[in-house]
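As a plain string of letters, each chain reads:
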Amino acid sequence: MTNLPKTPKWAALTEHATEQKNTTLAARFKADDQRFEKFQLNAAGWFLDFSKNHISDETVVKLAELAEAQNVSAKFNAMFEGDVVNPTEGRAALHSALRYQGSDAIKVDGDDVMPGIRSVLDRMAAFANRVRDGEWLGFSGKRITDVVNVGIGGSDLGPLMATEALKPFTHEALNLHFVSNVDGSHMVSTLKKVNPETTLFIVASKTFTTIETLTNATTAKDWFLESKAGEQDVAKHFVALSTNAEKVAAFGIDTNNMFEFWDWVGGRYSLWSAIGMPLMLAIGPDGFTRFLEGAAAMDEHAKNAPVRENMPVTLALLTVWYSNFFGATSHLIAPYDQYLHRFPAYLQQLTMESNGKSVHVDGSSVSVSTGPVVWGEPGTNGQHAYFQLLHQGTHLIPADFILAAESCNPCGNHHELLIANCLAQTEALMQGKSTEDVVEEMRSAGVPNDKIESLKTHRTFAGNRPTNTLLTQRLDAYTLGSLIALYEHKVFAEAAIWDINPFDQWGVELGKQLATTIYNDMQDAVKDGKSVTSHDSSTNGLINRINASRSRLA
Ligand code: G6Q
């Protein structure tokens, strides 16, 4: 049983945090003009400035000692080597093998997984080239113009986020669509935009049992067969990405059109596998290789850099620092890049499904808080929405600002303004503005004294809000790959420190089970003309009210 607060390194940090709260970020910068040089790191095309944090030289040492005491490096090695790091599901978590660029064998249960990975990548590339080059034809002999990915969760969020992020590098004759929600509006509105003769459906499901995906895929297939197409044409328009050949065949997709992956690839870590097919179609096999190379470079860094130079471990330690010693409960992701508009949503799953746990690996209860709530929107939009709370609210919300020096679409002074806004926010969050400065500023603007008195506290900024800035030259396939891998490893390092399993997701099961029960109860009640009484009064009441209003409608 792990009792983190009782461990010497944790106890030392508790004491140290009390001291560190006595100073401000602004005072730290005033006292040390080497702060920026001291608290920065480089890895795989990314530069991290973490100087605007409540840390001193001693904090960094103490946090590194915690990471060492929690065996973070050894746990990384175990993951990279294919050990069973997901004990509750009895699996390895080898997403790093999917992007491995070296020639060594990587073994799971004694078998090298690399030949299988390379063979699927080759098949994917051959298929993607045929579609991109207009050689893969639909049933009426026309080239494919639209690709609809049907998947949810890990089989949707990653490919969707990445194809959006890499839009400037996308094949201009292919439109990518993503349908995930079981809400029929998602599929229906997408089908309105496409033509059955020129549309390719990718059914992406690791298990091929997910109700949302199977429902959406069935609707897509029915729609396709309602056109001039026949059953014999399904093979030209439906492919599957899955680990489950039997279920793929049962659904009616030719297993020759199935791109395989393996149970040691977790759903939210599967973008690097066949699940990346929409991305490969969008940016081409060479672009996809660059994407894998970027991630592989971050893997090498995560594996080899000592704790204090290790970017994902540093980010993880900062999250632990604020979550466990400063009471922070959420973490903001602010990409100053419109193409990264789905990145916060992607990171919500990666972080919250992985580290939203309240038991340790051995099943005992945790005694400290674990994964924070992750949220965000691209800048500068967020500034005109929720940034008010960051600057003057009562919550401490550590934030990651993500920025590229170069724009993919240089145009007037847009990018200079974007950069200036990003840097201004982190400076303002750190420095704040004192009441004295507010008074002085208002006085010099000629504001009358009574107005100054009534407004001065409203216009004061306490500052002292911590941020990280992640900077790259340009967002492209390589730097996107390394950015995603950076956060994957950050999440892993946090889990290693908290001694929780980041690779299972039992928390999503209960809702799934109950949805099946409620679905059946609702249908039975309508059939039998009875009310539902088997749930709590709220759930019964809602079911009966909905059934009544739907029957009136019918
Ligand atoms: C991710 C989760 C989950 C999963 C979806 C879709 O880590 O396991 O989000 O990806 O439930 O599952 P299938 O790919 O099996 O349809």
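Conventions used here
Residues numbered from 1 in each chain as written. Predicted model: local features only at pLDDT ≥ 70, side-chain atom pairs only at ≥ 80, totals over all residues. Heavy atoms only, no water. Salt bridge = Lys/Arg side-chain N within 4 Å of Asp/Glu carboxyl O. Helix = DSSP H or I, 4+ residues; strand = E, 2+ residues; numbered from the N terminus. Buried < 20%, exposed > 50% of the residue type's maximum accessible area, 1.4 Å probe, protein only. Pairing = 2+ DSSP bridges. Axes fitted to C-alpha atoms, helices over the stretch in contact; angles between N-to-C directions. Arc of directions from axis to C-beta.

Thoughts on the pattern of salt bridges
Scanning the entire structure with this criterion turns up 20 salt bridges. Between E65 and K9 there is a salt bridge, with its nearest N and O atoms 3.8 Å apart. With E65 in helix α4 (residues 57-69) and K9 in helix α1 (residues 8-20), this pair connects stretches of sequence that are 56 residues apart. Under the relative-accessibility criterion, E65 is labelled partly exposed at 31%.

Points about the sheet that holds strand β5 (residues 146-150)
Spatially, β6-β5-β7-β8-β9 is the arrangement adopted by the 5 strands of the open sheet, whose pairing is parallel. Sheet topology places β6 (175-179) and β9 (258-260) at the edges, where each strand pairs with a single neighbour. Within this sheet the neighbouring strands show an average axis-to-axis angle of 20°, counted without direction. Inspection of the sheet shows β5 paired to strand β7 (residues 199-204) by 5 bridges, in the parallel sense.

Thoughts on helix α9 (residues 184-191)
Turning to α9, its buried residues number three or more, namely M187, T190 and L191. The arc that holds the buried residues of α9, viewed along the axis, is 100°, so those residues lie on one side.

Re the pairing of strand β12 (residues 399-404)
By the criterion of burial, β12 is predominantly enclosed, with 6 of the 6 residues buried. Burial along β12 is two-sided: A399, F401 and L403 facing one way and D400, I402 and A404 facing the other are all buried. By the bridge criterion, 6 bridges tie β12 to strand β13 (residues 467-472) in an arrangement that is parallel. Bridge pairing in β13 places A404 opposite T472.

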